[in-house]
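Spelled out from the first residue to the last, the chains are:
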Amino acid sequence: MRESHHRDLKPRVQTDFKSELKQESLAFAMLGAASATVQVQQGMALPQALAGIFANSNATPQARGAIQDIAYRAMRQLALSELLISYMAEKAPDPMVAALLSVALPLIVPVDGSPAPYEAFTVVDQAVTAAGSHPDIARAKNMVNALLRRFLREKDVLMEEALENPEAKYNYPQWWIDAVITAYPKQWQQVLEAGNKAPPLTLRVNARRTSVQDYLARLAEEGMEAQQIGPSAIRLAKPVPVLQIPGFAEGDVSVQDAGAQLAAPLLDVQPGMRVLDACAAPGGKTCHILELADVSLTALDADPKRLQRVQENLDRLQLQATLQPAEAQSDAWWDGQQFDRILADVPCTASGIVRRHPDIRWLRRKSDTRQLATLSAEILDNLWKMLAPNGKLLFVTCSLWPQESEAQAAAFAVRNRATRLDAPGQLLPLGSSEQDHDGLFYALFRKDA
Ligand SMILES: C[S@@+](CC[C@H](N)C(=O)[O-])C[C@H]1O[C@@H](n2cnc3c(N)ncnc32)[C@H](O)[C@@H]1O
């Protein structure tokens, strides 16, 4: 996938996704996933693209699930699919046709080692039906048929050739591959591969309502296989929709990655403390802090809409915080009273959570890293003055890039004469079953009196 290729795309996109196809058909799901894929190629985040498609469509919850699954698979193999298409198509297909082919190919050959979810001939047949049903691409129906059938015939040779290309082999832009190799010369392959695996569903047990042991027993009673993978973290063997998680609606558990669950304990909160969560939404870490101690917490975020999600999570867990829509690099909102603890989970490239957001690699530009690092430095310096003497500030990113993480932490400590305390540093997402977490970074600082 070439950067310039992306910017030049001006496809006709069917955002008002009302298809005449049967909702339960694979063709319907593929068409929805292809519409989402085209929008990502135009620069929109996949969750937003899907939300738009769902809002404008008549899709049932089941059909939505299928669209989502197929779109996420397509993101994890986009560079491979695009290269394969370029081998087989005489001229570059219309973006919507290319997107339909890009959602079909991973269903025939998943490269993460998982079994193919459908019979290959069903995929071809349904892709052709999908093309035929869409007014803008119906004329490409025969081409879709011919190309996918050729792929079935020549799969081994085509795959062998394509997998010699690093972008197609690993399914990341070349600059991303280079950045991982530079930062992690020993584990780069494992890191890239882990980012292409579907993420686990990890729960955080709410210590105010139950214990890990009791909750594991409850899951066992319900026939759900699960394993403890952190002090409060439980990984389900098979992901399920949130509303099927026992006790979720009542607040017994929340969904949170095991790596993200390290934040609240590291802050070492004590009853009565004043705590600022400076980039709080959607409130995963906010709620965890409040589950651990009765503190007076301000949850700040620049995005008021995302702050509503913090409130929803607080309500579900029956917790309280003061919500503050504001930018963390500003002090216009601040009453001058210092905080005992500050969590700075700053905006970053999110390169460490690419297994959950496989679209990120196609949306980010190399230059984003520097811009975000500059903003984070401003945020950190501003928050430092809001910290009380002997207070602690926890700096968190979900980035793999040292420029945003370790280099940022080191420069911050020097600028502010902050004392660095023990913290895990960079968590490498290696996808191993013992350490199954996202790629977060943690640095903890104390302001000496
Ligand atoms: C990594 S997310 C936070 C995740 C959250 N701490 C959790 O555990 O659920 C970063 C958040 O920073 C917010 N944000 C972005 N720029 C900001 C800024 N300048 N000031 C404050 N918040 C900002 C985003 O809206 C986003 O919600």
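In this text, all values refer to a predicted model and were calculated from it rather than measured experimentally.

Asker: Let's hear about the UniProt feature "binding site: S-adenosyl-L-methionine" (unreviewed entry) in the protein: which residues, and what values?
Answerer: As recorded in UniProt, the feature "binding site: S-adenosyl-L-methionine" (unreviewed entry) lies at Cys 279, Ala 280, Ala 281, Pro 282, Gly 283, Gly 284, Lys 285, Asp 301 and Asp 345. Across 67 residues of sequence, these annotated residues stay compact in space, with a maximum C-alpha separation of 12.9 Å. In this fold, Gly 283 is placed in the loop between β5 (274-277) and α14 (284-292). Filtering out sequence-adjacent residues up to four positions away, Gly 283 remains in contact with Ala 299, Arg 309, Val 310, Asn 313 and Leu 314. Once residues within four sequence positions are removed from consideration, Lys 285 is found in contact with Ala 260, Ala 263, Ala 264, Asp 277, Leu 343 and Asp 345.

Asker: Could you give me a rundown of the site of the ligand, with the residues and numbers involved?
Answerer: Taken together, 18 residues are adjacent to the ligand, and Cys 279, Ala 281, Gly 284, Ala 302 and Ala 328 come closest. Tallied by class, the residues present in the shell around the ligand amount to nine nonpolar, three polar and six charged.

Asker: An account of the UniProt feature "active site" (unreviewed entry) in the protein is needed here, citing residue identities and associated values.
Answerer: Feature annotation in UniProt assigns "active site" (unreviewed entry) to the following positions: Cys 398. Along the chain, Cys 398 falls in the loop between β9 (387-397) and α18 (406-416). By the C-beta count within 10 Å, which is 27 here, Cys 398 ends up buried. Beyond its immediate sequence surroundings of up to four residues, Cys 398 is in contact with Cys 348, Ala 350, Gly 352, Ile 353, Asp 438, Gly 439 and Leu 440.

Asker: Explain the packing of helix α6 (residues 95-108) against helix α8 (residues 141-162) to me, using residue names and the numbers behind them.
Answerer: Two numbers describe how α6 lies on α8: the axes approach to 11 Å, and their chain directions differ by 30°. In this view, α6 runs roughly parallel relative to α8, as classed from their interaxial angle. Judged by the twist between their axes, the crossing of α6 over α8 is right-handed. Listed contacts from α8 to Val 97, Leu 100, Leu 101, Ala 104, Leu 105 and Ile 108 of α6 are Val 144, Leu 147, Leu 148 and Phe 151. The class makeup of the residues in the contact of α6 with α8 is ten nonpolar, no polar and no charged.

Asker: Quick one: what's the story with the pairing of strand β7 (residues 322-325), residue by residue and with numbers?
Answerer: Looking at chain direction, strand β6 (residues 296-301) and β7 are connected through four bridges and run parallel. Each residue of the ladder has a partner; that of Asp 301, found in β7, is Pro 325. Once the chain exits β6 it traverses helix α15 (residues 304-317) before rejoining the sheet at β7, and the crossover so formed is right-handed.

Asker: So, the sheet that holds β9: which residues are in play, and what are the values?
Answerer: Across the sheet, which stays open at both edges, the seven strands sit in the order β7-β6-β5-β8-β9-β11-β10 with mixed pairing between neighbours. Sheet topology places β7 and β10 (419-426) at the edges, where each strand pairs with a single neighbour. If you compare each strand with its neighbour and ignore which way they point, the axes differ by 15° on average. In the sheet, β9 pairs with strand β11 (residues 441-446) via six bridges, with the strands oriented antiparallel. Residue Leu 394 lies in a different strand from β11, and its bridge partner there is Leu 444. Seen against the sheet, α15 touches β6 and β7 and runs at an angle of roughly 170° to β7. The strands touched by α18 within the sheet are β9, β10 and β11, with β10 carrying the most contacts at an inclination of about 180°.

How each quantity is defined
- Residues numbered from 1 in each chain as written.
- Predicted model: local features only at pLDDT ≥ 70, side-chain atom pairs only at ≥ 80, totals over all residues.
- UniProt positions renumbered as here; feature names shortened; annotations may be inferred.
- Helix = DSSP H or I, 4+ residues; strand = E, 2+ residues; numbered from the N terminus.
- Contact = placed C-beta atoms within 7 Å.
- Near = placed C-beta within 6 Å.
- Nonpolar A, V, L, I, M, F, W, Y, C, P; charged D, E, K, R; others polar.
- Buried ≥ 20, exposed ≤ 12 C-beta atoms within 10 Å, placed from the backbone.
- Axes fitted to C-alpha atoms, helices over the stretch in contact; angles between N-to-C directions.
- Parallel < 35°, antiparallel > 145°, perpendicular 65-115°, else oblique.
- Left-handed = near helix turned anticlockwise from the far one by under 90°.
- Pairing = 2+ DSSP bridges.
- Right-handed = clockwise from strand over helix to strand, strands pointing away.

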